[in-house]
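Chain and residue survey
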Amino acid sequence: MAESNVKVLGTWASPFVMRVKIALHLKSVRYEDVEEDLLAPKSELLLKSNPVYKKIPVFFHAHNPICESLIILQYIDEVWTTSASTILPSDPYERSQSRFWAAYVDDKFFPALRRLVIGATEEDKKAALAEVVEGTVVLEGAFGELSKGKAFFGGDNIGFVDIALGSLLGWIEVIGKQCETKLVSEAKTPRLVQWADCFSAHEAVKDVLPDVDKLADFGLKLRAKILKALAPTN
Amino acid sequence: MGEEVTFHGMWASPFSRRVELALKLKAIPYQYIEEDLSNKTPSLLRYNPVHKKVPVLVHNDKPVAESMVIIEYMDETWENNPFLPRDPYERAMARFYAKFIDDKLLPTLAKLGQTAGKEKEETIEEIHEQLKVLEDELKGKQFFGGQRIGFLDVVAMILVWLHLAGSITGQKVLSTEKFPLIYEWIERVMKMEVVNECLIPEKKRQDWIQLAQKAPKSASN
């Protein structure tokens, strides 16, 4: 079903933008894809539509901008209710568990991943690596609990937690290659390895999966930009 | 069906207190367990093995952790006095600003106690910028939730705490001139009995200020 006034301001490389697109694909909502160049100065549209954070993704529906990917996902779930696919489960307790684990991905796992990339010293990176690996083990446990023997955190179909974590898989692979380590390993997290394959092959996901080599190249440029911004100014 | 609600909290934690406020606003009977964060109960560790933090709500032996997750769970389970608006866009806005408080304002406030001199001035500037975002959100409204107290008001109680801290330390980060709407909101909510019940009791406020100035890493979410 074609929807007018549905727009995603983002970039192909951002996992957070990817989340929004997966959600829209799940709901069969067509949207306009507006690319923001993360290596260039921020666009007027971005600065105007997300003055608080000045970050992508920004989701537009009927000219209303909504920011923060997990908030956007819930909005999409609450607006497009006629779709057979739901992003959050219907039971309140299960919803709370999905929200808890998605928050874990964003508040604990992702920051550790980020520290692994921009860590200043070898020691920082080593500590971050340990945290990331520990995180994957915790998530392996969460998968066991939430999936209840099915293929996804969301059960039979991908849901909130699948999208939150799955969107990071491209970067996880790129960062892992840089550290010469498989961050999601068969040895420690066999279920996650299997889940990652199922997630990546999903109808709603495969077309927005970034090319890993292209991502790696982009990552180097972005890392340089971030480090430059973090460096003390004169 | 028997509804059994227990709540693990801590008197000085804003995250814990906001869940308490939510429980009271919905008039949900609960058993309270005060946690000594230097000596956590085995049940807290069992109910929140991932973070080992307060607050944790346990409903019919099923635990929910993370204050925002808990409040949304409560809103979906006990439908009286709804916290979140019905409209999806307004819900998204309430969630956005609530997250802004937790991700930006609270960490900056926590930093304040640890800084001095020029760094302190810069931190205060940052806080003012963040407070301006919330000040703007109150335009034309009695509460963040509109006509009645809602999700964002519950999360924004930290502003009342900031005001109380200012009265005690004499350092007024929250000025009436710069943030008149926030001030009006504070006066309005402080007239509510439930809000007062969830503030730091007067006799403990000095202890609380000292605690806030000591520990940068919180044990609550």
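Residues numbered from 1 in each chain as written. Chains lettered and ligands numbered in written order. Predicted model: local features only at pLDDT ≥ 70, side-chain atom pairs only at ≥ 80, totals over all residues. Heavy atoms only, no water.

1. Quick look at the interface of chain B and chain A
The following threshold applies: A contact between two residues is defined here by any heavy atoms of the two lying within 4.5 Å. Defined here as a combined quantity, buried area equals the accessible surface (1.4 Å probe) lost by two parts on assembly, summed across both. Salt bridge, as used here: a side-chain nitrogen of Lys or Arg that lies within 4 Å of a carboxyl oxygen of Asp or Glu. As used in this structure description, the phrase polar contact means that two N or O atoms lie within 3.5 Å; if the pair is within protein, one of them must be able to donate a hydrogen and the other to accept it, and residues adjacent in sequence are counted only when both atoms belong to side chains. In this text, helices come from DSSP runs of H or I with a minimum length of four residues, and strands from runs of E with a minimum of two, each type numbered from the N-terminal end. We call Asp, Glu, Lys and Arg charged. Ala, Val, Leu, Ile, Met, Phe, Trp, Tyr, Cys and Pro are nonpolar, and the rest, Gly among them, are polar.
In this assembly, 25 residues from chain B lie in contact with 24 residues from chain A. Approximately 2,300 Å² of surface area, both sides summed, lies buried where chain B meets chain A, with 67% of it carried by carbon and sulfur atoms. Arg 99 of chain A serves as the salt-bridge partner of Glu 72 of chain B, at 3.3 Å between the closest nitrogen and oxygen. Where chain B meets chain A, there are seven residue pairs in polar contact (both at pLDDT 80 or more). Looking at the side of chain B that touches chain A, the elements with two or more residues in it are strand S4 (62–65), helix H3 (67–77) and helix H4 (88–112) of chain B. The residue inventory of the side of chain B that touches chain A, partitioned by class, reads 13 nonpolar, three polar and nine charged.

2. As for the environment of Val 50 of chain B
As a reminder, the rule being used: Using a 1.4 Å probe on the protein chains alone, a residue whose accessible area is under 20% of its type maximum counts as buried, one over 50% counts as exposed, and one in between counts as partly exposed.
Counting through the fold element by element, Val 50 of chain B comes out in the loop between helix H2 (42–47) and strand S3 (56–59). On the basis of relative accessible area, Val 50 of chain B is assigned to the partly exposed category, the value being 29%. For the pair formed by Val 50 of chain B and Gln 206 of chain B, sequence separation is 156 residues and the distance between their alpha carbons is 32 Å. With residues near it in sequence (within four places) discarded, Val 50 of chain B still touches Phe 100, Trp 101, Tyr 104 and Val 138 of chain A.

3. Comments concerning the UniProt feature "domain: GST N-terminal" (unreviewed entry) in chain B
Basically, it comes down to this: UniProt positions are given in the numbering used here, feature names are shortened, and annotations may be inferred rather than shown by experiment.
The sites that UniProt annotates as "domain: GST N-terminal" (unreviewed entry) are residues 3–82 of chain B. Secondary structure over residues 3–82 of chain B splits into 36% helix and 21% strand, and the C-alpha atoms at its two ends are 19 Å apart.

4. Examining the domain arrangement of chain A
Where the parts come together, the accessible area they lose is often given as the size of the interface. All names here are of chain A. Put simply, the rule is: Domain segmentation is taken from an automatic or database assignment of domains.
Domain boundaries in chain A define domain 1 (6–79) and domain 2 (92–221). Taking only C-alpha atoms into account, the centre of domain 1 sits 21 Å from that of domain 2. Each side of the interface is counted separately: domain 1 has 15 residues, and domain 2 has 24 residues. Taken together, both faces of the contact between domain 1 and domain 2 bury some 2,000 Å²; the carbon and sulfur share is 76%. Interface area lost by domain 1 to domain 2 is led by Trp 12, Met 18 and Arg 19, which between them contribute 31%. Counting every contact that joins domain 1 to domain 2 gives one salt bridge. Among the salt bridges present, the one from Arg 19 reaches Asp 106, with a minimum N-O distance of 2.8 Å. On inspection of domain 1 and its partner domain 2, the count reaches six residue pairs in polar contact (both at pLDDT 80 or more). The greatest single-element share of the side of domain 1 that touches domain 2, amounting to eight residues, is contributed by helix H1 (residues 15–26). A class-by-class count of the residues in the side of domain 1 that touches domain 2 yields 11 nonpolar, two polar and two charged.

5. Thoughts on the nonpolar core
Threshold: Nonpolar core, defined: a set of buried Ala, Val, Leu, Ile, Met, Phe, Trp, Tyr and Cys residues in which side-chain atoms within 4.5 Å join the residues together.
Among the nonpolar cores identified, the biggest contains 152 residues, and Phe 59 and Trp 195 of chain A together with Met 74 and Trp 185 of chain B are the most heavily contacted of them. Those residues within four positions of Phe 59 of chain A in sequence are excluded, and the remaining contacts are Val 6, Lys 7, Val 8, Val 20, Leu 24, Asn 64, Pro 65, Ile 66, Ile 72, Tyr 75, Ile 76 and Trp 80 of chain A.

6. Brief notes about the packing of aromatic side chains
Filter applied, for reference: Side-chain rings of Phe, Tyr and Trp, where Trp is taken by its six-membered ring, are said to pair if the distance between their centres is within 6.5 Å; with planes under 30 degrees apart they count as stacked, over 60 as edge-to-face, and otherwise as tilted.
Within the structure shown, the criterion is met by 18 aromatic pairs over all chains. Judged by centre distance (5.5 Å) and plane angle (80°), the rings of Tyr 53 of chain A and Phe 96 of chain B are edge-to-face. A residue pair is termed interchain when its members come from two chains, as with Tyr 53 of chain A in the loop between helix H2 (44–49) and strand S3 (58–61) and Phe 96 of chain B in helix H4. When its relative accessible area of 5% is taken as the criterion, Phe 96 of chain B is described as buried.

7. Some details on the domain arrangement of chain B
All names here are of chain B. Each assigned domain of chain B is listed with its residue range as follows: domain 1 (5–77) and domain 2 (88–214). Averaged C-alpha coordinates put domain 1 and domain 2 at centres separated by 21 Å. For the pair domain 1 and domain 2, the summed buried area comes to about 1,800 Å², and 75% of that belongs to carbon and sulfur atoms. Among the ionic pairs, Asp 102 bridges to Arg 18, the shortest N-O distance being 2.7 Å. Counting the contacts that link domain 1 with domain 2 gives four residue pairs in polar contact (both at pLDDT 80 or more). Here the side of domain 1 that touches domain 2 gets eight residues from one element, more than from any other, and that element is helix H1 (residues 14–25). Its residues assigned to classes, the side of domain 1 that touches domain 2 comprises eight nonpolar, two polar and five charged.

8. Details of the UniProt feature "domain: GST C-terminal" (unreviewed entry) in chain A
If you check UniProt for "domain: GST C-terminal" (unreviewed entry), the listed places come out as residues 91–220 of chain A in our numbering. Within the segment residues 91–220 of chain A, helix and strand shares are 71% and 0% respectively, and the terminal C-alpha atoms sit 42 Å apart.

9. Here we look at helix H9 (residues 212–230) of chain A
Residue pairs three or four apart in sequence face the same way in an α-helix, which turns once every 3.6 residues. All names here are of chain A. For the record, the criterion: Here a helix's expected span is defined as the number of its residues, less one, multiplied by 1.5 Å. The reported arc concerns the directions from the helix axis to the C-beta atoms and nothing else.
For H9, with 19 residues, the first-to-last C-alpha span of 26 Å sits near the 27 Å given by 1.5 Å per residue. For H9, the complete set of buried residues consists of Val 212, Leu 215, Phe 218, Gly 219 and Leu 222. Down the axis of H9, the buried set is contained in an arc of 120°. They therefore lie on one face. Residues of H9 that are exposed and angled more than 90 degrees away from the buried face: Asp 213, Leu 220 and Lys 228. Against the buried residues of H9 lie helix H7 (169–179). For H9, the capping residue at the N-terminal end is Asp 211, with a side-chain oxygen 3.2 Å from the backbone nitrogen of Asp 213.

10. What about the pattern of salt bridges?
Under the counting rule described, the total for this entry stands at 27 salt bridges over all chains. Between Asp 156 of chain A and Lys 150 of chain A there is a salt bridge whose closest N-O contact spans 3.4 Å. Overall, Asp 156 of chain A belongs to the exposed group, its relative accessible area being 61%. With a relative accessible area of 41%, Lys 150 of chain A lands in the partly exposed category. Each of Glu 78, Arg 95 and Arg 99 of chain A together with Glu 72, Glu 76, Arg 91 and Arg 95 of chain B takes part in one network of salt bridges that share partners.

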